[in-house]
Amino acid sequence: VSDDLKKCIYRWYTVEKLTIEDCAGRAGCSVGLVAKVLKNMQEFGAVNNPNSKHTGRPREVDNGDELYIKEVLKARPTIYLDELQLKLGTVRHID
């Protein structure tokens, strides 16, 4: 979830006085995420915890790659995974 959406969640809760459940429904996310955003704003004054560390390996697919995959799947919903990987590698230069 983007930081912009998290800021909207906070505004909906504090300014528009929506419930946590309503914020989650509007944002299309879980109640737990809304609660975490509100907790982070209360504790840190930011929608994210500045002390948290990212775990796991970095993403290999960026937003442009993701958009390309979605467009290919819209055009060819029955494409095989190996074909999609080949197209992605060729067009977006991914190994």
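The structure we're discussing is the one just above.
For the structure given in this document, a descriptive report is provided here. (Residues numbered from 1 in each chain as written. Predicted model: local features only at pLDDT ≥ 70, side-chain atom pairs only at ≥ 80, totals over all residues. Heavy atoms only, no water.)

Details of the packing of helix 1 (residues 3–14) against helix 2 (residues 20–27)
And step 1. Two numbers describe how helix 1 lies on helix 2: the axes approach to 10 Å, and their chain directions differ by 145 degrees. The two elements helix 1 and helix 2 meet at a crossing, and its hand is right-handed. On helix 2, the residues touching Leu-5, Ile-9, Trp-12 and Tyr-13 of helix 1 are Ile-20, Cys-23, Arg-26 and Ala-27.
And step 2. Each residue belonging to the contact of helix 1 with helix 2 can be placed in one class, and the counts come to seven nonpolar, no polar and one charged. (Axes fitted to C-alpha atoms, helices over the stretch in contact; angles between N-to-C directions. Helix = DSSP H or I, 4+ residues; strand = E, 2+ residues; numbered from the N terminus. Left-handed = near helix turned anticlockwise from the far one by under 90°. Contact = heavy atoms within 4.5 Å. Nonpolar A, V, L, I, M, F, W, Y, C, P; charged D, E, K, R; others polar.)

Details of the packing of aromatic side chains
And step 1. The final tally for this structure, using the stated rule, is zero aromatic pairs.
And step 2. The cationic tip of Arg-26 hangs over the ring face of Trp-12; the distance from NZ or CZ to the ring centre is 4.9 Å. (Phe/Tyr/Trp six-rings, centres within 6.5 Å; stacked < 30°, edge-to-face > 60°. Lys NZ or Arg CZ within 6 Å of the ring centre and 35° of its normal.)

Here's the deal with the packing of helix 4 (residues 63–75) against helix 5 (residues 81–92)
And step 1. Across the interface, helix 4 lies against helix 5 with an axial gap of 11 Å and an inter-helix angle of 130 degrees. With respect to helix 5, the axis of helix 4 lies oblique. Helix-helix and strand crossings are classified by hand; for helix 4 and helix 5 the assignment is right-handed. Between helix 4 and helix 5, the contacting residues are Gly-64, Asp-65, Tyr-68, Ile-69, Val-72 and Leu-73 on the first element and Leu-84, Lys-87, Leu-88, Val-91 and Arg-92 on the second.
And step 2. Looking at the contact of helix 4 with helix 5, its residues break down into seven nonpolar, one polar and three charged. (Parallel < 35°, antiparallel > 145°, perpendicular 65-115°, else oblique.)

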